[in-house]
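# Structural overview
The residues making up each chain are set out below.
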Amino acid sequence: MTATHITSRIAASLLGGWAFVWGFSTLGITGLVALGQPYDEARTAVMLLAFLVFLTAFCWTFAAASMARVWAVLGGGALLMTGAAWLLQRSLV
């Protein structure tokens with residue numbers, strides 16, 4: 001393992017995991033509000049789940065064989081979920 005490989009895994013686990021959880025949180029909160037859940041309850045429920053999602057993404061980053069796949073899943077998932085939440089929110093307002 002090279003220093004670049006280790007740095008890439010650390011960056012993916014922290015930055016990619018954070019971005020993925022951001023997308024998860026925005027989509028989850030927006031989806032629950034769209035279903036009629038009060039905002040505060042939706043935020044609390046999703047944030048409790050977000051901790052587990054981040055922990056899973058963090059651990060998976062170090063266990064995965066392909067760093068390209070890790071960046072694609074975390075980055076792509078973050079973009080897709082944030083975009084879906086944005087579209088859903090625009091339809092609600």
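Above this text is the structure in question.
Described below are features of the structure shown in this document. (Residues numbered from 1 in each chain as written. Predicted model: local features only at pLDDT ≥ 70, side-chain atom pairs only at ≥ 80, totals over all residues. Heavy atoms only, no water.)

Let us look at the layout of surface pockets. Space left empty within the atom packing is revealed by a probe, the size of a water molecule, rolled over the atoms. In this structure, the largest pocket encloses a volume near 170 Å³. Lining the largest pocket are Trp 18, Val 21, Trp 22, Ser 25, Thr 26, Ile 29, Tyr 39, Arg 43 and Met 47. Element by element, the count of residues in the lining of the largest pocket is highest for helix H1 (residues 3–34), at six residues. Partitioning the lining of the largest pocket into residue classes produces six nonpolar, two polar and one charged. (1 Å grid on protein atoms, 1.4 Å probe; cavity = no way out; pocket = protein on both sides within 12 Å on 5 of 7 lines; lining within 4 Å. Points joined across faces, edges and corners; volume = space filled by probe spheres on them. Helix = DSSP H or I, 4+ residues; strand = E, 2+ residues; numbered from the N terminus. Nonpolar A, V, L, I, M, F, W, Y, C, P; charged D, E, K, R; others polar.)

Attention now goes to a nonpolar patch on the surface. The grouping of Met 1, Ile 6, Ile 10, Leu 14, Leu 15, Phe 62 and Trp 71 at the surface amounts to a nonpolar patch, some 740 Å² of accessible area in total. Sorting elements by how many residues they give to the nonpolar patch places H1 first, with four residues. If you trace the backbone, Met 1 turns up in the segment before H1. (Patch = residues over 30% accessible without salt bridge, like charges linked within 9 Å, V, L, I, M, F, W, Y side chains within 5 Å. Areas by Shrake-Rupley, 256 points an atom, 1.4 Å probe, with all protein chains shown as cover. Salt bridge = Lys/Arg side-chain N within 4 Å of Asp/Glu carboxyl O.)

It is worth spelling out the packing of aromatic side chains at this point. The tally for this structure, following the rule as stated, stands at three aromatic pairs. On the numbers, 5.7 Å between centres and 35° between planes, the contact of Trp 18 with Trp 22 is tilted. Residue Trp 18 and its partner Trp 22 are both found in helix H1; the two are separated by four residues, about one turn of the helix. Each ring, one from Phe 54 and one from Phe 58, has its centre 6.1 Å from the other, and the planes form 35°; the classification is tilted. Here the residue Phe 54 and the residue Phe 58 both occupy positions in helix H2 (residues 39–63), the gap between them amounting to four residues, near one helical turn. Here a set of aromatic residues connected by ring pairs shows up, and it is made of Phe 54, Phe 58 and Phe 62. (Phe/Tyr/Trp six-rings, centres within 6.5 Å; stacked < 30°, edge-to-face > 60°.)

Moving on to the side chain of Thr 61. Mapped onto the elements of the fold, Thr 61 is located in helix H2. A polar contact is formed between the side chain of Thr 61 and the backbone oxygen of Ala 57, at a distance of 2.7 Å. (Polar contact = N/O pair within 3.5 Å; in protein donor to acceptor, adjacent residues only side chain to side chain.)

Within an α-helix, residues lying three or four positions from one another point in the same direction, as the helix has 3.6 residues per turn. With 32 residues, H1 ought to run about 46 Å at 1.5 Å a step, and its terminal C-alpha atoms sit 45 Å apart, in line with that. Buried within H1 we find Arg 9, Ala 12, Ser 13, Gly 16, Gly 17, Phe 20, Val 21, Gly 23, Ser 25, Ile 29, Thr 30 and Gly 31. Downstream of H1 by one or two residues, Gly 36 has phi in the positive range, about 105°. (Expected span 1.5 Å × (residues − 1). Buried < 20%, exposed > 50% of the residue type's maximum accessible area, 1.4 Å probe, protein only.)

In this section: the nonpolar core. Core analysis: the biggest nonpolar cluster contains 11 residues, these being Ala 12, Phe 20, Val 21, Ala 50, Val 53, Ala 57, Ala 64, Met 67, Val 70, Leu 74 and Met 81. Sorting the residues of this core by element identifies H1, H2 and helix H3 (67–92) as the ones contributing at least two each. Those residues in contact with Ala 50 that lie beyond four places of it in its chain are Val 21, Phe 24 and Ser 25. (Core = buried A, V, L, I, M, F, W, Y, C linked by side-chain atoms within 4.5 Å. Contact = heavy atoms within 4.5 Å.)

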